[in-house]
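# Structure assessment
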Amino acid sequence: MRISAFSNPSRKQNAPSSAVAGIKVSQGNHCEQSPGRRHAVEAHRLMKKYGTFTAVDEIDFIVERGESFGLLGPNGAGKSTTMRMIYCRTPLTSGHLLVEGWDVRHDQSKIKALVGIVPQENNLDPDLNVIDNLNVYARYFRIPAGEAQDRAEELLDFMGLTEKRNTWVEALSGGMKRRLIVARALMNNPKVLVLDEPTTGLDPHVRHDLWDRLRELRRRQITILLSTHYMEEAQTLCDRLIIMDRGKILALGKPLDLIERNVSRFVLEVHEVDGRSPLSLAPKVIAEAHGATHYYFAPSPELLTPLISKYSDHKSLLRPSNLEDVFLKLTGRDRLD
Amino acid sequence: MSGSTLLQIDFFDAFAVWRRNYDVNLRLWKAEVLPPLLEPAVSILAFGWGIGSLIAAKVTGIPYLMFVGAGILVVTGLVRAILECTYGAYFRMVYQSTYDAILSTPIGVASLGAGEILWAASKAAFDSLLIMVILLLFDILHSPMSVLIPVVIMVGATGLAAVAFAYTASISSIYQYNYFIGVAFSSLWICGAYFPVDRLPLVLQYLSWALPITSVVDLSRDLMTGRLDSWSMLEAAWIIVSALLAGEIALRRLSKRMYQ
């Protein structure tokens, strides 16, 4: 189905074309042309304080248009606050933040017309059924009813919810609610899709299903901003990411680059080694002990295989290093807060 | 914050918020429209036939059924507005996160608040229309100016809904409504709905006339009987000004709560 550009006097759209969720949109989005747009998001010395507590501490980053960008960090790292500032729900304490070239301090309605938001908490409207959740939401963007209806049907199809179109929201499973929230976030044909921990609490099947749909959006060049504490999710979905902790950025880069830069490519985990010290080894092997587990990092698996026999009475696992190793190294493995 | 928050209202956006509530109520109309009207309908019978039969004298120059009919008409609308902007709004704001979802769209906080308050006022006006049908059956609506009563109730309900909404935006627990409901419902007993204000001790008379709801009751009764004078104009002005003031406060409170 081909849907023509929406038009209304105050939320006029003349941005470049994009296609999302299998829907071709002939002329862009529900927004005005942004001023000198170069990046999807630009943050410069971005800071947010609540009283004396600093949630986000003068961070800088740029999200390119069309890329999938991840924000990783433990609870309280400042990910959600950063995202809320991006979609204009939390005012900045200081610094600068541009979204598609618009300033979050002055151009809030323009930015919100361009952004699709998948919040951490479910905020679907329980007083409405599935299709009305989409249609009523479309009204907030002044999308004409006929176009909204067509788009809602397309998005329900894309998210596999067509059979549930007349179901009350409360009767949906957790996974279906998440899919409906993503569909709702796409109703305004956003340039930037912001997902705040979209798969937290979902079972693995549902999580992988949602990843497939997000990959499809990624192929369609929509800019995706994703916060998560699932490393696999970040590694699978993100072109680049930042690792945050206590309001600061600890590392920024492509997932594989971050792994190579911060830990060697392979790791041997040895479990239940209470009381023993890590073995001293070849120069290229780095040993770490955390709790009852030893970690040996090395650039090749051959350097690690001799170790397995030395721990023959323990459970061990030789595997490629992943983002979780980087994350735990940077934020501290033994931290429990 | 600089300037009036009222000036930030985009009425097209406020209408989108209003329409959301309208759609939900249309779906739930059996539960939302009829049961809440049972109590006022019975109270007209109780006051008019029951208590009214004990009151032989006219009250402020009109039969008691007419006097109290106007009072119940207004109180029904105002109670509806209070409930909509207290428990109803709190559920949408806190438990359902409906406001969070709406504020993720281009709709601003002033338009959101305005949509909610005007929805409560619309419900009050709608209820008053239905009560007026009952009053018509009792042959109480004497003046053609009665058609303006829902307008007066709507403006008055806007003010009271805004006060309720300001309180809603300020509290952290639903139990804090006990204080507000206690004060608000008490004030409905001294606003001249059930007996003339001049029966009250002097200090309570001053308090009563300071409350815009007393003016809403009095003006509605004057429209019902066709006895308008310059005092009525003053009352109309006070109802409008107080509604605007309360609206400004409500929107500022909501803005403070939603943008942190």
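Higher on the page you've got the structure.
Residues numbered from 1 in each chain as written. Chains lettered and ligands numbered in written order. Predicted model: local features only at pLDDT ≥ 70, side-chain atom pairs only at ≥ 80, totals over all residues. Heavy atoms only, no water.

Right, let's talk about the sheet that holds strand S5 (residues 53-63) of chain A for a bit. Residues and elements named next belong to chain A. Taken together, four strands build an open sheet; the order of strands is S5-S4-S7-S8 and the sheet is antiparallel. Of all strands in the sheet, those with a lone pairing partner are S5 and strand S8 (102-103), marking the two edges. Judged from the two bridges that link them, strand S7 (residues 94-99) and S8 form a sheet pairing that is antiparallel. Along S8, the bridge assignment pairs Leu-98 with Asp-103. (Pairing = 2+ DSSP bridges. Helix = DSSP H or I, 4+ residues; strand = E, 2+ residues; numbered from the N terminus.)

Residue and element names in this part refer to chain B. Direction vectors running N to C along helix H3 (residues 35-54) and helix H6 (residues 109-137) enclose 35°, while the axes themselves pass 11 Å from each other. For the crossing formed where H3 meets H6, the hand is right-handed. Only Asp-127, Leu-130, Ile-131, Ile-134 and Leu-135 of H6 make contact with H3, whose side of the interface consists of Leu-37, Pro-40, Ala-41 and Ile-44. (Axes fitted to C-alpha atoms, helices over the stretch in contact; angles between N-to-C directions. Left-handed = near helix turned anticlockwise from the far one by under 90°. Contact = heavy atoms within 4.5 Å.)

Listed per partner, the contact involves 24 residues of chain B and 29 residues of chain A. Summed over both partners, the interface of chain B with chain A comes to about 2400 Å²; 51% of that surface belongs to carbon and sulfur atoms. Linking chain B with chain A are seven salt bridges. Inspection of the chain B/chain A interface yields eleven residue pairs in polar contact (both at pLDDT 80 or more). Secondary-structure elements contributing two or more residues to the side of chain B that touches chain A are helix H1 (11-27) and helix H5 (98-103) of chain B. Ranked by residue count, the leading element in the side of chain B that touches chain A is H1(B), at nine residues. A per-class count over the side of chain B that touches chain A returns eleven nonpolar, six polar and seven charged. (Buried area = accessible area lost by both parts, 1.4 Å probe. Salt bridge = Lys/Arg side-chain N within 4 Å of Asp/Glu carboxyl O. Polar contact = N/O pair within 3.5 Å; in protein donor to acceptor, adjacent residues only side chain to side chain. Nonpolar A, V, L, I, M, F, W, Y, C, P; charged D, E, K, R; others polar.)

Together, Ile51(B), Leu54(B) and Ile55(B) make up a nonpolar patch on the protein surface, roughly 280 Å² of accessible area in all. With respect to the helices, strands and loops of the structure, Leu54(B) is situated in helix H3. (Patch = residues over 30% accessible without salt bridge, like charges linked within 9 Å, V, L, I, M, F, W, Y side chains within 5 Å. Areas by Shrake-Rupley, 256 points an atom, 1.4 Å probe, with all protein chains shown as cover.)

Attention now moves to the pattern of salt bridges. On inspection of all chains with the given rule, the structure shows 29 salt bridges over all chains. When the shortest N-O distance is used, the salt bridge between Arg65(A) and Glu100(A) registers 3.4 Å. Highlighted residues: Arg65(A) in the loop between S5 and strand S6 (68-72) and Glu100(A) in the loop between S7 and S8, separated in sequence by 35 residues. A residue is classified by how much of its surface remains accessible, and Glu100(A), at 0% relative accessible area, is buried. Here Asp325(A) ties to Arg319(A) by a salt bridge, and the two come within 2.8 Å at their closest N and O atoms. Take Arg319(A): its relative accessible area is 15%, and that puts it in the buried class. Through salt bridges that share partners, Glu84(B), Arg92(B), Glu116(B) and Lys123(B) make up one connected network. (Buried < 20%, exposed > 50% of the residue type's maximum accessible area, 1.4 Å probe, protein only.)

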